[in-house]
Amino acid sequence: MIVNVVFYDNPTITIPNACCKCSQLFPSELIEVRVADFMPPLGIHQGEWIFRFPYCSTCARELKRGGSFFKGRLEAVSIHRNWVRTKKIGSFLRKKKIKYIPFKFTNERYGQLFKEANNEMLLEKVLAELV
C-alpha cells in the first residue's frame, strides 16, 4: 500500500503508536526511514528528513538480523524510491508544485492507520481541494 503525504517546507507527519510490521500495540523500538529532496535538473540536494517508525521487539530483531542484503524486503515501511516527489498542477501562468512523500507499507492495517492519522495531508485530498 502506498500513501502519498503532502508537506510544505518541514514535514510534520503523525505516526501511529503500533508496530508497523505486525500492528501490535506498545512497540519498543523506533527504526529510521530516510527521505531526500533533490532539485530535478541538476540533482541538487535540498534536504533530508528522518522519520522514526515503531517496531515491536520481535519485528525489530528480525529486521536487524536479516542482514543488509535482504533488509529492503524485511522493512515494513519504506519511501518509494527514497526521494520526495513533485506534482505540478495548474495552467501555464498559475502552475504550482506540490511536494509529497510516497510511503510504502507492507502491512495494510498499519497503512490504513497511517492514512487515517494523516488524513488532512493526503495528496488526493489536497488536489481535490485545489480543483
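Keep in mind that what you see is a predicted model, and the values were worked out from it rather than measured.

### Description of the environment of Ile101
Consideration 1: With respect to the element layout, Ile101 can be found in strand E6 (residues 96-105).
Consideration 2: In sequence terms Ile101 and Val3 are 98 residues apart; their C-alpha atoms lie 8.1 Å from each other.
Consideration 3: Setting aside residues up to four positions removed in sequence, Ile101 forms contacts with Val3, Asn4, Val5, Phe7, Pro11, Val35, Phe51, Ile79 and Val84.

### Considerations on the environment of Val33
Consideration 1: Residue position: Val33 is located in strand E2 (residues 29-39).
Consideration 2: We classify Val33 as buried; its relative accessible area is 9%.
Consideration 3: Each C-alpha atom, one on Val33 and one on Arg52, is 6.2 Å from the other, the two residues being 19 residues apart in sequence.
Consideration 4: The contacts of Val33, once residues within four sequence positions are left out, are Trp49, Ile50, Phe51, Phe53, Val77, Ser78 and Ile79.

### Re the confidence of the model for the protein
Consideration 1: Confidence in the prediction of the protein, expressed as mean pLDDT, is 81, and 81% of residues score 70 or more.
Consideration 2: Per-element confidence in the protein is highest for helix H3 (residues 108-117), whose mean pLDDT is 93, and lowest for helix H2 (residues 71-74), whose mean pLDDT is 59.

### A look at the pattern of salt bridges
Consideration 1: Under the defined criterion, the tally for this structure stands at five salt bridges.
Consideration 2: Taking the shortest distance from any N to any O, the salt bridge between Glu120 and Lys125 comes out at 3.1 Å.
Consideration 3: Assessed through its relative accessible area of 56%, Glu120 is described here as exposed.
Consideration 4: Where salt bridges share partners, they join Glu32, Arg34, Glu48 and Arg52 into one cluster.

Conventions and cut-offs
- Residues numbered from 1 in each chain as written.
- Predicted model: local features only at pLDDT ≥ 70, side-chain atom pairs only at ≥ 80, totals over all residues.
- Heavy atoms only, no water.
- Helix = DSSP H or I, 4+ residues; strand = E, 2+ residues; numbered from the N terminus.
- Contact = heavy atoms within 4.5 Å.
- Buried < 20%, exposed > 50% of the residue type's maximum accessible area, 1.4 Å probe, protein only.
- pLDDT = per-residue confidence, 0-100.
- Salt bridge = Lys/Arg side-chain N within 4 Å of Asp/Glu carboxyl O.

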